[in-house]
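Notes for the structure review
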Amino acid sequence: MPSNKTDSALASYIEKIRELTKPESVVVFDGTPLAYQELLKELVLKKTLEPLSRENSFLARSTPDDVARLEEVTFICSKVREEVGPNNRWQEPTKMKEELYSRFNGCMQGRVMYVIPYRMGPKGSPLSKLGVEITDSAYVVANMYLMTTTGKEPLLAIEEGAPYVAGVHSVGRSLLSGEEDVPWPSNSYKVIAHFPEEREIWSFGSGYGGNALLGKKCFALRIASKMAEEEGSLAEHMLIIGITNPKGKKRYFAAAFPSGCGKTNLALLQMDLPGWKLECVGDDIAWMWFKEDGRLYAINPEQGFFGIAPGTSMAISPHIMKMIEKDTLFTNVAETKDKDVWWEGMTKEPPEDLIDWHGKRWDKSSKEAAAQPNARFTVSKTRCPILDPNSDNPHGVPIDAILFGGRRSSLTPLVVEARDWRGGVLMGASLSSEKTAAAVGKVGELRHDPFAMLPFCGYNMGDYFAHWLSLAKGSRILPKIYSVNWFRKDEDGRFIWPGYKENAKVLAWIFERLEGEKEAIETPIGLLPKKEAFPVEGSLYEKLFSIDKKAYLREIAELREYFAIFGERFPRELEEELTLMEKRLL
Ligand code: SAT
Ligand code: MN
C-alpha cells in the first residue's frame, strides 16, 4: 500500500474488502490477552482447536492438502517481469488482481472478517514496520497474536498516517446460511500473491503457516526484502543469537538456513561448553542495517516462534521443550490418551494409544508418521527460557558473524571462513540444500537455495546478490562470513557430525576466530580450522574437513550454469570470485 494512508484510508480499505468478500460481520482485533482468550474459546467451540492438558495449550489438525508452504502457487506480481527474476513465479499485477477479485468475491459469506493491525519489530525501532492483515480465519488471528505485536498501538500509528503493508487472506470457503462449518476450512484452489510496488499481499485457500500468517514470510521476507533493497538494508531468513565466552565477552551472530534445517534448534541451543552462554534474539528472520558507527545491527521482526515439532526432544532441545510447556498452539502433532502432545523423535518409544494428526488411532504398526513431518508449535517469545535481554532493543544488536548453512550430504565441510565479504557473498549465493517437509514437494532433492532465500526473495535474485555486494562500502566494519554444514554423510550414509549440541563447538570456534584466538588454514575454498585448534579427534577431523577438489570443480561448473539464469543481472564480481576459486582448485 502507498505510504501516508490516513485513518479514513484504512477505513475505506477495510470497507472495500468487506464489500468484496461479504462477511457476516467485521471485528477489529484489539490484541489484548482477553480478546485472545475469547478467540480460543470460539475456536474450541468450532472444533478447530482442542484443549490439551498443557496449560492454555491447544491442538489444531489441518486437512491433508494444507500442511506446508506452497511455493508452486506463490507469485510476485511486480509490473515488470524482469524485476522478479527467474527465482520467482510472476503474474502481471492487473491480471492477478482480476483473478483474485473473482475468487474473493463473496468468499467470506457467513464468516467473521477479522482486521489485525500489527507491528513487526520492537517498538520505536527505525527498522520496525506496520501491517494490517484482514482474514476470515480465527486460527490465523490467534497465531498472529503470538507471532507479532497486534492491537491498539499499531492501529493508532496506522490511523495517524504511518505506512503499512496490507494483507488480505481467506480460507476460501464461504458458509451459506444453515451450513455447518468444518474444523479446518480451506479451498483446493490456493494462491499467495505479492504486490511489492503496492506493498500488498493476497492469499486464498490455505490456512497453514507461511501461506496464511502474512506477517511472516510474505511481509517480513518477500515484501520486506524489496523494501530493504530500496532502503539499503537487509531482510533475511536468519536466526539471531547472542554468545558469551568464558571471559564474559558477548558477540551476536546471524545465521541463514533453509526451512527445516534446524534454525529454531540452533537459536535455542543449550550451549554445554563450560563457561559459554547462548541467548536467543530470533529463530527465523533478521532485519539488518548499517549504522553510523559502521557496524551491522539486527532486529528480529517477530514476537514468537513457529517451529517444527518433530525431532524436538529433551535430549536435543531442552530449551524448546521448556518453552512449549504451556501457552502454546500445536498444529498437526499427535495426541496422547491424556490429552498431551507427541511427535516422532520426542521419545524413543511412542506412547500407547496415540491419535495421529488425522485424528485417527495410531500405533507402531501404522505406516505413516503420527505427527505430520511439518507439524508446528506457535508460542510467544516471552516463553523462551534463554531470551536475549536485547531481543526487544529498538537499536538492534551488532552482528559480528554471518553463517550460511544448508543440508548437504557431501561436499561442504563442517565450517569454512570466507576470506572477505565478496567470498562470503559467493558462499551465500552458492548455498544448496536438500528439500525438507517445510514446503510441499519432494523431500531430499538437492536444490539451489541462495542465502536460504530462494522461496522468500521478493525481487530478482541477481539484483539481490548485487545489493549484498554493495553493502561493503566506506569504512564499514563488515561481519565475517562462514559456511556451515551439519549434514555431511560418510560412505555408508551415516551423518558424520552428531549436530545439535555439538554445534556449540563450531559456534565457539567462530567466536574465537573473531577474537583472534584461533588459527586457520588457507584452502582453495576459504579458511578451515587448524586440526589442533578444533576439538575433535584426528580421523573425525579428516572426515569433516576434507576437500574433494574434483567435486568442487564440478560444483563450480554447475554453479556457473545456475547463475547464468540471472543473465545480465548476475554481478560480475561474483563471476570473478568463482573463477578465482576455480584457479585455486586447479
Ligand atoms: O513458511 S512457514 O512459516 O510456514 C515455515 C517455514 O517455511 O519456515
Ligand atoms: Mn523459516
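The rules behind these values
- Residues numbered from 1 in each chain as written.
- Chains lettered and ligands numbered in written order.
- Predicted model: local features only at pLDDT ≥ 70, side-chain atom pairs only at ≥ 80, totals over all residues.
- Heavy atoms only, no water.
- Near = heavy atom within 4 Å.
- Polar contact = N/O pair within 3.5 Å; in protein donor to acceptor, adjacent residues only side chain to side chain.
- Areas by Shrake-Rupley, 256 points an atom, 1.4 Å probe, with all protein chains shown as cover.
- Helix = DSSP H or I, 4+ residues; strand = E, 2+ residues; numbered from the N terminus.
- Nonpolar A, V, L, I, M, F, W, Y, C, P; charged D, E, K, R; others polar.
- Expected span 1.5 Å × (residues − 1).
- Contact = heavy atoms within 4.5 Å.
- Domains from an automatic or database assignment.
- Buried area = accessible area lost by both parts, 1.4 Å probe.
- Salt bridge = Lys/Arg side-chain N within 4 Å of Asp/Glu carboxyl O.
- Buried < 20%, exposed > 50% of the residue type's maximum accessible area, 1.4 Å probe, protein only.
- Arc of directions from axis to C-beta.
- Axes fitted to C-alpha atoms, helices over the stretch in contact; angles between N-to-C directions.
- Parallel < 35°, antiparallel > 145°, perpendicular 65-115°, else oblique.
- Left-handed = near helix turned anticlockwise from the far one by under 90°.

Turning to the site of ligand 1, a few remarks are in order. Around ligand 1 sit Arg69, Gly209, Gly210, Lys216, Lys217, Ser259, Phe306, Arg376 and Ala438, and those are all the residues in its vicinity. In this structure, Lys217 approaches ligand 1 through a side-chain N or O atom, which is 3.0 Å from an oxygen atom. Relative to its free-state accessible area of 250 Å², ligand 1 is covered by the protein chains to the extent of 98%. Elements supplying a minimum of two residues to the shell around ligand 1: helix H7 (209-212) and helix H8 (215-231). Across the shell around ligand 1, the residue classes break down as two nonpolar, three polar and four charged.

The next point concerns helix H15 (residues 549-563). With 15 residues, H15 extends 21 Å between its outermost C-alpha atoms, agreeing within 8% with the 21 Å of an ideal straight helix rising 1.5 Å per residue. Against helix H11 (421-429), strand S28 (446-448), helix H12 (461-470) and helix H16 (572-585) lie the buried residues of H15. By the N-cap criterion, in which a side-chain oxygen at the helix start approaches the backbone nitrogen of a residue two or three places on, H15 is capped by Asp548, the distance to Lys550 being 3.2 Å.

Turning our attention to the domain arrangement of the protein. Domain assignment breaks the protein into domain 1 (7-49 + 66-231) and domain 2 (235-304 + 388-585). Taking the mean C-alpha position of each, domain 1 and domain 2 sit 32 Å from one another. Contacts between domain 1 and domain 2 engage 38 residues on the former and 38 residues on the latter. When domain 1 packs against domain 2, the two sides together hide about 3200 Å² of surface, and 58% of this comes from carbon and sulfur. Together, Asn87, Leu127 and Leu221 form the three largest contributors to the area buried by domain 1 at its contact with domain 2, with a combined 19%. At the junction of domain 1 with domain 2, the criterion picks out five salt bridges.

Turning to helix H14 (residues 538-545), a few remarks are in order. For H14, every residue scored as buried is listed here: Tyr541, Leu544 and Phe545. Buried residues of H14, viewed axially, fall in a sector of 75 degrees; they line one side. For H14, the elements touching its buried residues are strand S26 (415-417), strand S30 (520-523) and strand S31 (526-529).

Let us look at the pattern of salt bridges. Applying the stated criterion to the full structure yields 52 salt bridges. Between Asp65 and Lys190 there is a salt bridge, with its nearest N and O atoms 3.2 Å apart. A residue pair is termed long-range when its members are at least 10 positions apart, and Asp65 in the loop between strand S3 (58-60) and strand S4 (74-76) and Lys190 in the loop between strand S9 (164-170) and strand S10 (191-195) qualify at 125 residues. Residue classification places Asp65 among the partly exposed residues on the basis of a relative accessible area of 42%. Salt bridges sharing partners connect three or more residues here, namely Lys216, Lys217, Lys263, Asp284 and Glu302.

The subject of this paragraph is the packing of H15 against H16. At a minimum axis distance of 10 Å, the contact between H15 and H16 shows a crossing angle of 160 degrees. Put simply, H15 runs roughly antiparallel to H16. Handedness of the H15/H16 crossing: left-handed. Here Lys549, Tyr552, Leu553, Ile556, Leu559, Arg560 and Phe563 of H15 lie close against H16, whose contacting residues are Leu578, Thr579, Met581, Glu582 and Leu585. Broken down by class, the residue content of the contact of H15 with H16 amounts to eight nonpolar, one polar and three charged.

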